[in-house]
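Coordinate analysis (summary)
Take a look at the letters that make up each chain.
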Amino acid sequence: MTKWTPKHEAPEPLEGNVVATITGGTIVWFVLFLVQLPFYRWFDEHGHLWWLWTCLAGGALGLLGVWYVRARDAAINGSRNGDAQNG
């Protein structure tokens, strides 16, 4: 059995505003939860109540993600500023 080797190098990672991306996704999850909330009884009767709770969990995990990426960005910026001052 031969080992697979890639034919080309992996592309560079995309750079972007991670905080805005995670915040936008979190807002979408919460909006989906709020839109589905009036249909709670229908979801319950048809066995689809998990859709509602999935949206709520996505929003809650999104809040955790926003906190994480903000702390990560602050740490990255702090290390850059520290390197500039020490260099």
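Just above, that's the structure.
Read on for an overview of the structure. (Residues numbered from 1 in each chain as written. Predicted model: local features only at pLDDT ≥ 70, side-chain atom pairs only at ≥ 80, totals over all residues. Heavy atoms only, no water.)

Mapped onto the secondary structure, Gly16 falls in the segment before α1 (18-36). By relative accessible area, which is 54% here, Gly16 ends up exposed. Along the chain, Gly16 and Ala60 lie 44 residues apart, while their C-alpha atoms are 23 Å from each other. (Helix = DSSP H or I, 4+ residues; strand = E, 2+ residues; numbered from the N terminus. Buried < 20%, exposed > 50% of the residue type's maximum accessible area, 1.4 Å probe, protein only.)

What tends to happen in soluble globular proteins is that the nonpolar side chains get buried as a cluster. Listed in full, the five residues of the largest apolar core are Phe33, Phe43, Leu49, Leu52 and Cys55. Residues within four places of Phe43 in sequence aside, it is in contact with Gln36, His48, Leu49 and Trp51. (Core = buried A, V, L, I, M, F, W, Y, C linked by side-chain atoms within 4.5 Å. Contact = heavy atoms within 4.5 Å.)

With that settled, the discussion passes to the packing of aromatic side chains. Aromatic ring pairs are defined here through the distance separating the ring centres and the angle between the ring planes. All chains considered together, the criterion is met by five aromatic pairs. Taking 6.4 Å as the distance between ring centres and 40° as the angle between the ring planes, the aromatic pair formed by Phe33 and Trp53 counts as tilted. Highlighted residues: Phe33 in helix α1 and Trp53 in helix α3 (residues 49-86), separated in sequence by 20 residues. For Phe33, a relative accessible area of 12% corresponds to the buried category. For Trp53, a relative accessible area of 42% corresponds to the partly exposed category. On the basis of an interplanar angle of 65° and a centroid distance of 5.5 Å, the ring pair of Phe43 and Trp51 is categorised as edge-to-face. The class for Phe43 is buried, based on a relative accessible area of 6%. The class of Trp51 is partly exposed, set by a relative accessible area of 34%. Chaining the aromatic ring pairs together yields one cluster made of Trp42, Phe43, Trp50 and Trp51. (Phe/Tyr/Trp six-rings, centres within 6.5 Å; stacked < 30°, edge-to-face > 60°.)

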